[in-house]
Amino acid sequence: VSSSRVAVQRAEAVVYDLLAVAKAGDKGLLAEIVPVEIGSVVREAALLASASAAENQIQLAILPGGPNLRVLADPRLLTRVLDNLLFNAVRHTPSGKTITLSLTESERVVAITVLDGGSGFGDIDPSILFEKYGQVKLRAAGKHRGVGLGLYFCALAVSAMEGTITAANHSSGGAAFTVNLRKA
C-alpha cells in the first residue's frame, strides 16, 4: 500500500467520520449487525495501517485469538473503528517501538485491544477522548493534536454494535484501547 494511497484513504476516513457523526445526531449510528470473522477485519485494518507504521519505523504485532473467532458486529463499522485506533496508535508511538493488536475471548465476549508504544495518557482522563470534540480541549492545553471526532465516532460505532470501548494506561506503558463485542 503506497503512502499516497494511505493518505487518500485517511482523508476519506476523516470525511466519513464527519458525515457519520453529523448524520447520527442524537440518534446514534445505524449498524447492520451480523456474524463477522474477526481475523479478516483485523487483517484489513492492519494492512491499512502498515504503510504509515513502516514509514515511521514502527512494528505492528497482531496476536490473533482462536481460529474462526466470530463476533456480532457491522463489518464496515468495525473496520473503521480498528482503522481509527491503529492510526491513532501510529501517531502516538515513537520510531522503533511496537503497536500490538490482540484478541482475547471469554465465554460471551471478544476483546480487541490496541496497545501503542507511546507514553500513555499521563494526567489526562481517558474518558474525555470519547466525547465529541473532547480532544479540542486537550489540544488547546498543548496536550493533544487530534480534532476530537475519530474516537467519538468509535464510541458511537461500538455502541451501535452493542459493545463497549475503553481506554486506559497500560501497565507496561502506552495507551490501551479495548473494544468488547459479543461473540457470534
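Throughout this description, residue numbers start from 1 for each chain and increase along the sequence as written. Only residues with pLDDT of 70 or above have their local features reported here, since the model is predicted, and side-chain atom pairs are shown and tallied only from 80 upward, although totals for entire chains, interfaces and linings are computed over all residues. Note that water and hydrogens are dropped before the side-chain values are worked out from all heavy atoms of the structure.

Visitor: If you had to explain unusual backbone geometry to someone new, which residues and values would you point to?
Guide: A negative phi holds for most residues other than glycine; trans holds for most peptide bonds. The backbone phi angle of Q57 is positive, close to 55 degrees, even though this residue is not glycine. Assignment of secondary structure puts Q57 in the loop between α2 (38-55) and β2 (59-63). Numbering of helices and strands runs from the N terminus; a helix is a DSSP stretch of H or I covering at least four residues, while a strand is a stretch of E covering at least two.

Visitor: Tell me about the sheet that holds strand β6 (residues 164-169), and please be specific about residues and values.
Guide: Ordered in space as β2-β4-β5-β7-β6, the 5 strands form an open sheet in which the pairing is mixed. Each end of this open sheet is capped by a strand with a single partner; those strands are β2 and β6. Averaged over all adjacent pairs, the angle separating strand axes in this sheet is 15 degrees, with direction ignored. Pairing between strands is defined by DSSP: at least two bridges between them are needed. As paired elements, β6 and strand β7 (residues 175-182) share 6 bridges and run antiparallel to each other. In the sheet register, N169 faces β7, and the bridge partner there is A175. Residues count as neighbours in contact if any of their non-hydrogen atoms are within 4.5 Å of one another. For every element, the axis is a line fit to its C-alpha atoms; helices are fit only across the contacting stretch, and the angle between N-to-C directions ranges from 0 to 180 degrees. In this fold α2 packs onto β2, β4 (98-105) and β5 (109-115), with an angle of close to 170 degrees to the strand it touches most, β2.

Visitor: So what's going on with the pattern of salt bridges? Which residues, and what values?
Guide: Side-chain pairs of opposite charge can arise where the charged atoms are in close proximity. Whenever Lys or Arg places a side-chain nitrogen within 4 Å of a carboxyl oxygen from Asp or Glu, that contact is recorded as a salt bridge. Enumeration over the complete set of coordinates arrives at 4 salt bridges. The closest approach of N and O atoms between R80 and D83, which form a salt bridge, is 2.7 Å. Here R80 pairs with D83, and both are found in helix α3 (residues 75-92), just 3 residues apart, close to one helical turn. You'll find R80 and D83 in the same group, each marked buried. Relative accessibility under 20% of the residue-type maximum defines a buried residue, over 50% an exposed one, and the middle range a partly exposed one, all with a 1.4 Å probe and only protein chains included.

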